[in-house]
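# Observations on the three-dimensional arrangement
Chain by chain, the residues:
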Amino acid sequence: MKWLIWRQHRMDAALLAAVFALTALALVPNALDMHHLFTVSGVDDCLQTMRSGCQSVFLQDIADGYQPYINNVVPWLVALPAAAGLFLGAPLLAREYEQGTWQLAWSQSVPRTRWLRTKISVAGAGVLLTSCALSWLVTWWFSADAKVKGRLDMAFSVQGLVFPAHTLFAFVAGAVAGAYLRRTLAAMAATFAAYLVVRVPVETQLRMYLLPPRQVTLDPTAGNVHALQPGPQDRILGHGLVGPDGHRLSKVEADTLAAGMPREEWPGYLHRHGLKDWYEYQPGDRFWTLQAIEAGLFIALTAVLLTVLVIRIRRRAI
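So, a few notes on the structure that sits alongside this text. (Residues numbered from 1 in each chain as written. Predicted model: local features only at pLDDT ≥ 70, side-chain atom pairs only at ≥ 80, totals over all residues. Heavy atoms only, no water.)

## Remarks on the nonpolar core
If you look at the biggest cluster of nonpolar residues, it comprises 28 residues, and the most contacted ones within it are Leu92, Leu93, Leu116, Phe171, Leu309 and Ile313. Within the residue set of this core, elements represented by two or more residues are α4 (55-99), α6 (112-141), α8 (162-181), α9 (184-206) and α13 (287-315). Residue contributions to this core peak at nine residues, all from α8. If you look at the next biggest cluster of nonpolar residues, it comprises 18 residues, including Val19, Leu27, Leu137 and Ala155. (Core = buried A, V, L, I, M, F, W, Y, C linked by side-chain atoms within 4.5 Å. Buried < 20%, exposed > 50% of the residue type's maximum accessible area, 1.4 Å probe, protein only. Helix = DSSP H or I, 4+ residues; strand = E, 2+ residues; numbered from the N terminus.)

## A word on the pattern of salt bridges
Applying the stated rule across the entire model yields four salt bridges. Between Lys119 and Glu96 there is a salt bridge; the shortest N-O distance is 2.9 Å. In this pair, Lys119 sits in helix α6 while Glu96 sits in helix α4, placing the two residues 23 residues apart along the sequence. There is no split in this pair, since Lys119 and Glu96 are both buried. (Salt bridge = Lys/Arg side-chain N within 4 Å of Asp/Glu carboxyl O.)

## Focus: the packing of aromatic side chains
According to the stated counting rule, one finds six aromatic pairs in the structure shown. Note on Phe169 and Phe298: the rings are 5.4 Å apart at their centroids and 80° apart in plane angle, and the pair reads as edge-to-face. With Phe169 in helix α8 and Phe298 in helix α13, this pair connects stretches of sequence that are 129 residues apart. Among the residues examined, Phe169 registers a relative accessible area of 5% and is labelled buried. (Phe/Tyr/Trp six-rings, centres within 6.5 Å; stacked < 30°, edge-to-face > 60°.)

## Observations regarding the packing of α6 against α8
Contact geometry of α6 with α8 gives a least axis separation of 8 Å together with a crossing angle of 155°. What the angle tells us is that α6 and α8 run roughly antiparallel. The way α6 lies across α8 gives a crossing that is right-handed. Here Ile120, Ala123, Gly124, Val127, Leu128, Ser131, Cys132, Leu134 and Ser135 of α6 lie close against α8, whose contacting residues are Phe163, Pro164, Thr167, Leu168, Phe171 and Ala175. Partitioning the contact of α6 with α8 into residue classes produces eleven nonpolar, four polar and no charged. (Axes fitted to C-alpha atoms, helices over the stretch in contact; angles between N-to-C directions. Parallel < 35°, antiparallel > 145°, perpendicular 65-115°, else oblique. Left-handed = near helix turned anticlockwise from the far one by under 90°. Contact = heavy atoms within 4.5 Å. Nonpolar A, V, L, I, M, F, W, Y, C, P; charged D, E, K, R; others polar.)

## Digging into unusual backbone geometry
Even without glycine at this site, Arg182 takes up a positive phi of about 60°. Mapped onto the elements of the fold, Arg182 is located in the loop between α8 and α9.

## Details of the side chain of Ser157
Positionally, Ser157 belongs in the loop between α7 (143-149) and α8. Side chain to side chain, Ser157 and Arg207 meet in a polar contact 2.8 Å long. Ser157 has contacts with Val162, Phe163, His166, Arg199, Glu203 and Arg207, leaving out every residue within four places of it along the chain. (Polar contact = N/O pair within 3.5 Å; in protein donor to acceptor, adjacent residues only side chain to side chain.)

## Re the packing of α8 against α13
The relative placement of two packed helices comes down to the angle between their axes together with the axis-to-axis distance. At a closest axis distance of 9 Å, the pairing of α8 and α13 adopts a crossing angle of 20°. Taken as axis vectors, α8 and α13 run roughly parallel relative to one another. Once α8 is placed against α13, the crossing between them reads as left-handed. Residues of the contact of α8 with α13, tallied by class, amount to 19 nonpolar, three polar and two charged.

Next comes the structure, spelled out in structure tokens:
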């Protein structure tokens, strides 16, 4: 049976291999250039000595020569999990229903749950292995940039553990949609909608609050204020002014206070009136912890979908 299912999905395997090859072709030369720049600019040695200002040259070179490329490539990578659900997951069972081959498969001596398990495991293994390889490639691609700017930016979704978890979730969601709707196009539309319903709130609302953000309040006239502020690798979630009574000023209130005031007088003014800067942020060193939590969430959702899929196939009459 595994050989038969492999023959059914060999074009899918070729597609996965082509996606990885094209992505590697796009990323590897660019990554080698960035890693070379990181070394020759002296940023690597500078960061190891913990000196301030190490990032300026590297960041300027990234902004001038590489950031447009990164901005073009990352959206393509972010879309790959959804594409796996649409073009590999949704047709997995829907195509069987449309072509009528499910009747032949279920009328054989092989139990339908074993048939389902084999189809999911063979196709899913290819999807998972490819997404893991892509995630490793992208994580390496960003490694030089991450030492300067951290990993908690727009590329969070295409690195580490999260990318394979998103891809596997989308693939299984497509299979479930195909089992229920039994039409490939309808299953693709349902898969895309379901993926967005889950993915968008996680990315925009939940992700940076999977762990309680760190909060710090600073006197702007303190001598070590810059050392206590969030660094370039941290993800700032909120920033503003807080009064002596704990009231956080709105942006309009803060702008009104700063209007017409020379920049060099601003820290002293804040100190005299008991105003302080507050920051709410996620430290950059929480990257792998946040990755593990979000990946675990999507794996749990995938397990629920697999359970729903098995129940559906068992109860489906021939």
